[in-house]
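Coordinate inspection notes
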Amino acid sequence: QDGCDYFCTYCTIPNARGISRSNSIAETLTAAGKIAGSNARELVLTGVNIGDFGKHQGESFAELLLELCRIEGIDRIRISSVEPDLLHEEIIELVASQPRLMPHFHIPLQSGSDNILRRMGRKYRQRDYLELVSKLTDQFNNPAFSTDIIVGFPGETDLDFQQTLELVNEVGFGNIHVFRY
């Protein structure tokens, strides 16, 4: 998957890479089959906005995950990053029911401040993010969480930054990619 249909205020991806697009499920399964025939034991699904996989073709990311789980020779499937508003219940249920899908969730946060999230043009707020993490924590035994955070966004106050730190501590991320604006 490449491109993005979101237009966050800090991001140039829609202008630089265009709108969201992806291979078909069939094309992706062909590539995954080649990987299954190699010595690789884990498949990592990546994309600029992987949760949008297939949306312009009438397919879905959940459908892709289910089909990938049927390929012999791949022991583990990991999702690299999914936007909070695109980590749908269907995907969560698949991860819970398919042992090859790893309960590792890289969910971009960007900021723990609603003020900054609004200024960034993000599609969720702090409460939405925490509700998603709580749902995943309830669903899985010791899930792994990682995220992306932007610090120094224009207009970010000490209070905004403190709210981000508090959210980071509450979630207990295993890994954080921090980007300075």
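My aim in this report is to walk through the structure given alongside it, one point at a time. Model, not experiment: these values are computed from the prediction.

1. Examining the packing of helix α3 (residues 61-68) against helix α4 (residues 89-97)
Where α3 contacts α4, the two axes come as close as 9 Å, and the packing angle between them is 15 degrees. It follows that α3 is roughly parallel to α4 by the angle criterion. The element α3 and its partner α4 pack so that their crossing is left-handed. Residue-level inspection shows Phe61, Ala62, Leu65 and Leu66 of α3 in contact with α4, the latter providing Glu90, Ile91 and Leu94. By residue class, the composition of the contact of α3 with α4 is six nonpolar, no polar and one charged.

2. Here's the deal with helix α2 (residues 25-36)
Spacing of three or four residues puts side chains on the same side of an α-helix, whose turn is 3.6 residues. The end-to-end C-alpha distance of α2, which contains 12 residues, comes to 16 Å, matching closely the 16 Å that a straight helix rising 1.5 Å per residue would cover. Residues of α2 that are buried: Ile25, Thr28, Ala32 and Ala36. Buried residues of α2, seen end-on, are gathered within an arc of 85 degrees and therefore sit on one face of the element. Buried residues along α2 sit against β1 (42-45) and α3.

Definitions and limits used
Residues numbered from 1 in each chain as written. Predicted model: local features only at pLDDT ≥ 70, side-chain atom pairs only at ≥ 80, totals over all residues. Heavy atoms only, no water. Axes fitted to C-alpha atoms, helices over the stretch in contact; angles between N-to-C directions. Helix = DSSP H or I, 4+ residues; strand = E, 2+ residues; numbered from the N terminus. Parallel < 35°, antiparallel > 145°, perpendicular 65-115°, else oblique. Left-handed = near helix turned anticlockwise from the far one by under 90°. Contact = heavy atoms within 4.5 Å. Nonpolar A, V, L, I, M, F, W, Y, C, P; charged D, E, K, R; others polar. Expected span 1.5 Å × (residues − 1). Buried < 20%, exposed > 50% of the residue type's maximum accessible area, 1.4 Å probe, protein only. Arc of directions from axis to C-beta.

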